[in-house]
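# Summary of structural features
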There are 2 protein chains.
Amino acid sequence: RPAPSHKESWQHMFVQSIDNNSISNHLKEITKEPHVAGTAENFKTAEYVEYTFKAYGLDAHHKDYDVLLTYPLHRLLVLTQPDHEPIKFSLKEKAVAGDPYSNRSNIIPTFHAYAPSGNASAEVVYANYGRREDFQKLAQLGLKVEGAIVIAKYAKIYRGDIVENAAQAGAVAVVIYSDPLDYGNNATQGYYPSSQWLPPSGVQRGSVFRGIGDPQTPGWASESGAERLSVDDPAAQLPRIPSMPISAEDALPILRSLGGPVAPIEWQGGLELSEYKLGRGPGRLDLSYVANQTVTPIRNVFATIVGSQEPDRLVLLGNHRDAWTFGAVDPNSGTATLLELARGFGKLMEQGWRPHRSIVLCSWDAEEYSMIGSTEWVEQNIDVLDASAVAYMNVDCAVAGPGFNAAASPQLDDLLIEITKQVTDPDDDDQSLYESWVVSSNKSNPFIDRLGGGGSDFAAFLQHAGVPSTDIFFAADYPVYHSTFDNYNWMTKFGDPLFHRHVAVTSVWGLLALRLADDEILPMKYEAYAKELHSYALEINSEFLSSNAPESVSIAPLFSSIKGLQASTHQLAQEVEALKQEGMQMQSGLSSGILYRRRGLNDRLLRAERAFLDSDGLSGASWYKHLVYGRVANNNYGSLSFPGIWDAFHQATESSNDTANTAKWAAVQHEIFRCARVITRASLVLQGKIT
Amino acid sequence: RPAPSHKESWQHMFVQSIDNNSISNHLKEITKEPHVAGTAENFKTAEYVEYTFKAYGLDAHHKDYDVLLTYPLHRLLVLTQPDHEPIKFSLKEKAVAGDPYSNRSNIIPTFHAYAPSGNASAEVVYANYGRREDFQKLAQLGLKVEGAIVIAKYAKIYRGDIVENAAQAGAVAVVIYSDPLDYGNNATQGYYPSSQWLPPSGVQRGSVFRGIGDPQTPGWASESGAERLSVDDPAAQLPRIPSMPISAEDALPILRSLGGPVAPIEWQGGLELSEYKLGRGPGRLDLSYVANQTVTPIRNVFATIVGSQEPDRLVLLGNHRDAWTFGAVDPNSGTATLLELARGFGKLMEQGWRPHRSIVLCSWDAEEYSMIGSTEWVEQNIDVLDASAVAYMNVDCAVAGPGFNAAASPQLDDLLIEITKQVTDPDDDDQSLYESWVVSSNKSNPFIDRLGGGGSDFAAFLQHAGVPSTDIFFAADYPVYHSTFDNYNWMTKFGDPLFHRHVAVTSVWGLLALRLADDEILPMKYEAYAKELHSYALEINSEFLSSNAPESVSIAPLFSSIKGLQASTHQLAQEVEALKQEGMQMQSGLSSGILYRRRGLNDRLLRAERAFLDSDGLSGASWYKHLVYGRVANNNYGSLSFPGIWDAFHQATESSNDTANTAKWAAVQHEIFRCARVITRASLVLQGKIT
Ligand SMILES: [Ca+2]
Ligand SMILES: [Ca+2]
Ligand SMILES: [Zn+2]
Ligand SMILES: [Zn+2]
Ligand SMILES: [Zn+2]
Ligand SMILES: [Zn+2]
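Residues numbered from 1 in each chain as written. Chains lettered and ligands numbered in written order. Predicted model: local features only at pLDDT ≥ 70, side-chain atom pairs only at ≥ 80, totals over all residues. Heavy atoms only, no water.

### Focus on the overall build of chain A
- A tally of helices and strands in chain A yields 21 helices and 16 strands.
- A compact globule built from 691 residues would reach a C-alpha radius of gyration of about 26 Å, and chain A, at 26 Å, matches this within 12%.
- In terms of overall dimensions, chain A has a C-alpha envelope of 90 × 65 × 55 Å along the principal axes.
- When each of the 691 residues of chain A is scored for burial, the buried share is 64%.
- Intrachain contacts of chain A at a sequence separation of at least 6 include 79% that bridge at least 24 residues.
- When the accessible surface of chain A is split by element, carbon and sulfur atoms take 50% of a total near 24400 Å².
- If you average the places of the 57 positive and of the 81 negative side-chain charges in chain A, the two averages end up 1 Å apart. (Helix = DSSP H or I, 4+ residues; strand = E, 2+ residues; numbered from the N terminus. Rg over C-alpha atoms; globule rule 2.2 N^0.38 Å. Buried < 20%, exposed > 50% of the residue type's maximum accessible area, 1.4 Å probe, protein only. Contact = heavy atoms within 4.5 Å. Areas by Shrake-Rupley, 256 points an atom, 1.4 Å probe, with all protein chains shown as cover. Lys, Arg positive; Asp, Glu negative; His and termini not counted. Charge placed at Lys NZ, Arg CZ, Asp CG, Glu CD.)

See below:
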């Protein structure tokens, strides 16, 4: 083994400095009060974060925006049915023994952000998970959704898409609940506080807005004085019908009140109910909701460590700070981690370390409403980020239990793997995080997810600005998500009692930053990107072959562009190797020539991801400029690649009439060409040559 | 005076090397045959240029595209009128004595590129210059254009807009001629060959396509295998009614055949006609036209001088090579200049010179058809140019007579001024080019035009890719434009008998390249940009005040953004000064820190122009991404700033009904906000800081 370089010593020193107690203390402090975006409590967390950054010796500042938020003013839900007394639901989560947090009075009532004010009184239909296929099934079975109130289960798709699907089917309102089958381990282990599972009164809050950022400023920053769309403008994309989240406890009598056909076997859930029926009715709901929709200040907080050599190259790390309740998992396990990171970097700086490139720590506000803080900031700084951003590394829920997970832009895969080999598995000292990750992936290589869905603050960076991104966390789903029970008590009992998993996230996150800030040549391998794209193209190919796609529709342009990208990545890898060799052979100082060549090569590496952006963006969702990773219509949590191709494909396969069909398959071909073109443009960027 | 630096010596050596005979010889050679895009003759000019680049010691290569071009296959125009024999026009330009070029049989017949094939037989209406206001006037006067054939005069607007305006008014075909008032000095000095003026049989060819680039590939490169729109696709934007250019000689009997009201006094022209009447009829035309619309290879040729320090920073110089006939002015006066530039750089290289940044000489094809060669290349290389292009300097018609003219992105104004002070006026050895330029500008400062219109190959660079650009030339309009008489004989008699003006263009063009390639800090001053934007905002303000704009429409966001830009430019100027001082004080070699800071500062300077781009582009013309300089609807030759604001304003002031009016003024406000936002983004880029 070669003697550790100077850089490796700094990395080692950083990892050694991370302290589980420090993280735990921060988490307890930040989560002592509920802190929804726009509230005084959340401004206090902003001040705490900014103060703490400064206390650790970093330069810190904040940036406020005025954005449209909503809060519940009035909620009413009443069930009526023949031969029963009406039931007026409390719409409250119940305090549980031994958890003082759950007894607090300043927790925001359960509601759906951006649900419009409105009343509805109608018979109820059960729509399973509220997916498009669920509504198609209801139509097949002859159930009329038009004019009804839909009851649907959380779990499979974004709640805003449930509401939109229901609205498209003609529903007048929606209630969505958390079934014990999905959030209670099917009622086999009891509930929090005796186990980790969501109590029967637990409710998942959340946004039902299907756009991103402030709904009134799509594509630009909500600075004071900025242009603001009217909330009625279709471009604001706000939901059209009222909706509410409810508990399993409240869902039970509603589902019991339904007659009609028995629901399909795969629609049955975990409530104490002999069988789930579809309705509609005879149970009917009276729903009334009044929202306070109001333009409200929010605050992003930043710490910057200015790069000693290339201050204008930015390595960005971010986490949101606002929470629906206490946010011990979501998002403040990440915030505590961010503050520990700041402490670690502060320690290095005390010892004289400065990064080669700049490092920026970002604490976002109003993510829960629709990634607003990060989106407004990216929209405002888009040109600077376009020129300067090396990578964005997100941590939202840092820890919700055991099991490391990662999602990344593929050129960062190798770096993630290298780094996890240097970090100890927090649940088994005898192995590396990498080793446990491989095991949990059930493959010979660790599973790395992609960032195609919405879901957190990486969206604006990757999908709008083309900045290579990562997202890391322990445990994927957790049952008390967006409920009162996501608090410090739950975390210390079930999420991470020893805070060792938090330490592991801090280590991985910090090492990612150190490598991206200090490596002479950026640790990005586009070979992996090309390989990944090839697998997506194969997937499309096989799906097309088993569909009614006309033979004239050709995937060849896509394969051909990927082949070109592969060739470019191989050539680039050789160039990188040559430049590394040359740098190592230089004994005394570096020539200006080699510095400029490194800078030029790094520029190509960081800009190749930008080439996947197209100014027209996704068809029908033009804010999403990235043609490889972005939102798929009607499944905002989905993480598919090439969303434009898949959306066009699904529309074509669903179309019945012949003329429309020809046009729709032509649209598929157009989307294939568009994707092929951005891939070819990425090849040219990697080559750094004009044609 | 300080001793000339090393760089200044190279610049001096370059200027000394430029030779008028060498330019003249190149021009004679390139223009010996007519060479329309897509023809064998034009491929020969490509080979000649590539060969010559290499002969001068430069690396050269070419890049071909397959693009939609059109050629005339059949043309018929017959005038019939009561009591007259029908006149079948020859549609030919006549040879003139002493000009062997004018007698050649391989000159392309007179036609309009992209005019659709078609027949029309209808009474004729005279529509002056074919502007929107001209058709409005006809409507006021009760003249029915619907179903008629329009005769209009060249001179004020783009010929494609004349045809479109006529089509919108319901015309079935259009003929456009060159009136002696506009192209013959009102017949006071005779015609070529006895004077410079367009002979009565002279015809202006040209494109009537209103888009840019290959009509079938809007926004992407016409590589072989690329997606191609159908020619019928509305997105291809091809003209809808047939049209033809004709001579003054042929226009005369047509105009004589018209009865109806006498045309307004300002519509009267220079033909031997007591008064121009409006028609319609009794004269009627039978027009028949068949085009060969065909996908044809074209060739761009490049020479590259790789930068010794920053090879990935590109200083681009371009000129088109294709001509409607011989092209002695348009464009090959520029081509001869480009080749002389190559000779000059080759000489410097022989002496050991290498530029700090790369210099690329570009010889474009198919500009005449709609800037196709440059547009396809920019579309293909868009991401590399976005990252790497420092500036693009265009020369189309280098010389058509005396009088220096320049247009530029405002941050290059100062550089242009500095350089013209170093070049001798070709028409008066006793003064600098700068001095004669000031005099001809009739102001205390030289007049520098802006690049808002279409017109030449800078369009894709500036308006689509946001690359700071210049365009320089001697003499603005010239009478034999796009006719047979634009040949070497005309040039040596009237355009530039001594080729000294060519020498001056070569000197300015070359010095621009040398400064932009070699200056440590890019010679770009954004103060001038801010000042210019402020004058545009004032112009909008005064126009709004004298219009029916509601008081609620506010220009304040625009003024506020410009104020922000001014502040940023002042701060940047200080930063530039400080860095220059620091560089001068360093005695032995430069630190890596200062190199990176220079690079970073230069990146901000070259990228600030990109910030004026908006991914949505101009409303209704989304290819045009630049919101300050771009095409104004219905006047493609216009050179207004903020085209989106002006277009929306004109639509609002023209709207009559109240509801539409509110929406139209809202659109004006939206455009003001959009322009303000890109200006603010440019400020952030210049600051190089995140918010
Ligand atoms: Ca926004
Ligand atoms: Ca094109
Ligand atoms: Zn979160
Ligand atoms: Zn959340
Ligand atoms: Zn030209
Ligand atoms: Zn021309």
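### So, the confidence of the model for chain A
- Of all residues in chain A, 98% attain a pLDDT of 70 or more, and the chain-wide mean is 95.
- Predicted complex metrics record ipTM = 0.93 and pTM = 0.96. (pLDDT = per-residue confidence, 0-100.)

### Looking at the coordination of the calcium ion (ligand 2)
- Within the protein, Thr217 of chain B (O), Thr217 of chain B (OG1), Trp220 of chain B (O), Glu376 of chain B (OE), Glu376 of chain B (OE) and Glu379 of chain B (OE) serve as the donor atoms for the calcium ion (ligand 2), at 2.2 to 2.5 Å.
- Bound by six donor atoms, the calcium ion (ligand 2) shows angles of 53 to 164° at the metal and therefore irregular coordination geometry. (Donors = N, O, S within 2.8 Å, 3.2 Å for Na, K, Ca; no water. Tetrahedral: all angles 85-135°; square planar, octahedral: opposite > 155°, others 65-115°.)

### Thoughts on empty space enclosed by the protein
- Evaluation of the coordinates by the stated rule reveals two cavities of 30 Å³ or more.
- What lines the largest cavity is a set of 17 residues, and nearest its centre among them are Arg313, Ala387 and Ser388 of chain A together with Asp603 and Arg607 of chain B.
- Mapped by element, the contributors of at least two residues to the lining of the largest cavity are strand S10 (310-320), helix H11 (382-388) and helix H19 (592-608) of chain A together with helix H19 (592-608) of chain B.
- Counted by class, the lining of the largest cavity contains five nonpolar, three polar and nine charged residues. (1 Å grid on protein atoms, 1.4 Å probe; cavity = no way out; pocket = protein on both sides within 12 Å on 5 of 7 lines; lining within 4 Å. Points joined across faces, edges and corners; volume = space filled by probe spheres on them. Nonpolar A, V, L, I, M, F, W, Y, C, P; charged D, E, K, R; others polar.)

### Some details on the interface of chain A and chain B
- Residue-level contacts link 45 residues of chain A with 45 residues of chain B.
- Carbon and sulfur atoms make up 57% of the area that chain A and chain B hide from each other, which totals about 4000 Å².
- On the chain A side of the contact with chain B, Tyr596, Ile690 and Thr691 of chain A bury the most area, a combined 21% of that side's loss.
- One can count ten salt bridges joining chain A with chain B.
- For the interface between chain A and chain B, the tally reads 24 residue pairs in polar contact (both at pLDDT 80 or more).
- Here the residues of the side of chain A that touches chain B sort into 17 nonpolar, twelve polar and 16 charged. (Buried area = accessible area lost by both parts, 1.4 Å probe. Salt bridge = Lys/Arg side-chain N within 4 Å of Asp/Glu carboxyl O. Polar contact = N/O pair within 3.5 Å; in protein donor to acceptor, adjacent residues only side chain to side chain.)

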